[in-house]
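Given next are the chains, with one letter for each unit.
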Amino acid sequence: MSKIAVYPGSFDPVTIGHLDIIERISKIFDHVIVLTAESSQKNYLFPVQERSEFLKKALEHFKNVEVDVFSGLTVDYMRKRQAHVIVRGLRAVADFEYEGTLANMNYRLAPEIETFMIFSRPEYYFISSRAVKEVARNSGNLKGLVPDFIIPEISKKLRG
Ligand code: ADP
């Protein structure tokens, strides 16, 4: 049976931290689905189609990584795809509580699905989409925080 992992998130926009997690899990699982979420509760800078296009471009060299879009419960998507592992990343302690709550809610909704946590590498643990947007709003240098091709897209979006 091939092992499929689903890595769900907002990816608004995808950062070098996300890409590091994807690269690492692509070596462990047969197939990785990066699932771009559309949630009514969040204010995104980029619409879901743009967020997923950025991911596709950044991940095109990975043979076993797919990018998909979904609005709804991650576990419903997973059942549809017959996937049993959710992967989430952990940075600082602040992530722990949120991720623990999410993992247990998903367990409650779908006990057959397991959440795997993967620690950020030390060089990426301070990188978040939110921090990237804050740096961009204040005209800071985004080099090395997001893929190069996304830097002008962020400036364009913030100016527009
Ligand atoms: P969400 O809005 O669902 O939290 P994000 O796009 O912010 O989505 O993040 C998706 C997942 O990736 C989360 O589990 C988050 O903790 C993790 N993550 C984000 N940035 C990093 C990073 N620099 N290193 C490791 N994990 C990260």
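Structure shown above.
All values reported here derive from a predicted model rather than from experimental measurement. (Residues numbered from 1 in each chain as written. Predicted model: local features only at pLDDT ≥ 70, side-chain atom pairs only at ≥ 80, totals over all residues. Heavy atoms only, no water.)

1. Focus: helix H5 (residues 129–137)
For an α-helix, 3.6 residues make a turn, and residues three or four places apart therefore share a direction.
Turning to step 1, where the next piece is worked out: For H5, every residue scored as buried is listed here: Ser129, Val132, Lys133 and Ala136. Relative to the axis of H5, the buried residues are bounded by an arc of 95° and lie together on one face.
Turning to step 2, where the next piece is worked out: Where the residues of H5 are buried, they touch helix H1 (16–26) and helix H6 (151–159).
Turning to step 3, where the next piece is worked out: Residue Ser139 follows H5 closely and has a positive phi angle near 60°. (Buried < 20%, exposed > 50% of the residue type's maximum accessible area, 1.4 Å probe, protein only. Helix = DSSP H or I, 4+ residues; strand = E, 2+ residues; numbered from the N terminus. Arc of directions from axis to C-beta. Contact = heavy atoms within 4.5 Å.)

2. So, the environment of Pro122
Turning to step 1, where the next piece is worked out: Inspection of the secondary structure assignment puts Pro122 in the loop between strand E5 (114–119) and H5.
Turning to step 2, where the next piece is worked out: Its relative accessible area of 60% is what places Pro122 among the exposed residues.
Turning to step 3, where the next piece is worked out: Between the alpha carbons of Pro122 and Val135 there is a distance of 20 Å; along the sequence they are 13 residues apart.

3. As for the side chain of Glu99
Turning to step 1, where the next piece is worked out: Summarising the element assignment, Glu99 is placed in helix H4 (residues 93–109).
Turning to step 2, where the next piece is worked out: The class for Glu99 is buried, based on a relative accessible area of 7%.
Turning to step 3, where the next piece is worked out: Other than its neighbours up to four places away in sequence, Glu99 contacts Arg88, Gly89, Leu90 and Met117.

4. So, unusual backbone geometry
Turning to step 1, where the next piece is worked out: In this structure, Pro13 follows Asp12 across a cis peptide bond, with omega equal to 0°.
Turning to step 2, where the next piece is worked out: Structurally, Pro13 is set in the loop between strand E1 (4–9) and H1.
Turning to step 3, where the next piece is worked out: Positive phi, normally seen in glycine, also occurs at Phe11, with a value near 50°.
Turning to step 4, where the next piece is worked out: Looking at the secondary structure, you find Phe11 in the loop between E1 and H1.
Turning to step 5, where the next piece is worked out: Unlike most non-glycine residues, Ser139 shows phi in positive territory, near 60°.
Turning to step 6, where the next piece is worked out: With respect to the element layout, Ser139 can be found in the loop between H5 and H6.

5. Some thoughts on the pattern of salt bridges
Turning to step 1, where the next piece is worked out: Throughout the structure, instances matching the rule amount to 14 salt bridges.
Turning to step 2, where the next piece is worked out: Salt-bridge contacts for Arg24 lead to Asp20; the nearest nitrogen and oxygen are separated by 3.2 Å. Highlighted residues: Arg24 and Asp20, both in helix H1, separated by 4 residues, approximately one helical turn. Asp20 carries the same exposure label as Arg24, and that label is buried. (Salt bridge = Lys/Arg side-chain N within 4 Å of Asp/Glu carboxyl O.)

6. Topic: the site of the ligand
Turning to step 1, where the next piece is worked out: Close to the ligand lie 17 residues, the nearest being Tyr7, Ser10, Lys42, Gly89 and Ile127.
Turning to step 2, where the next piece is worked out: Between the ligand and Tyr7 there is a distance of 2.7 Å, counted from an oxygen atom to a side-chain nitrogen or oxygen.
Turning to step 3, where the next piece is worked out: Residue His18 places a side-chain N or O atom 3.1 Å away from an oxygen atom belonging to the ligand.
Turning to step 4, where the next piece is worked out: Calculation on the ligand without its partners gives an accessible area of 550 Å², and the protein chains cover 91% of this total.
Turning to step 5, where the next piece is worked out: Sorting the residues of the shell around the ligand by element identifies E1, H1, strand E4 (85–90) and H4 as the ones contributing at least two each.
Turning to step 6, where the next piece is worked out: Split by residue class, the shell around the ligand holds 6 nonpolar, 6 polar and 5 charged. (Near = heavy atom within 4 Å. Polar contact = N/O pair within 3.5 Å; in protein donor to acceptor, adjacent residues only side chain to side chain. Areas by Shrake-Rupley, 256 points an atom, 1.4 Å probe, with all protein chains shown as cover. Nonpolar A, V, L, I, M, F, W, Y, C, P; charged D, E, K, R; others polar.)

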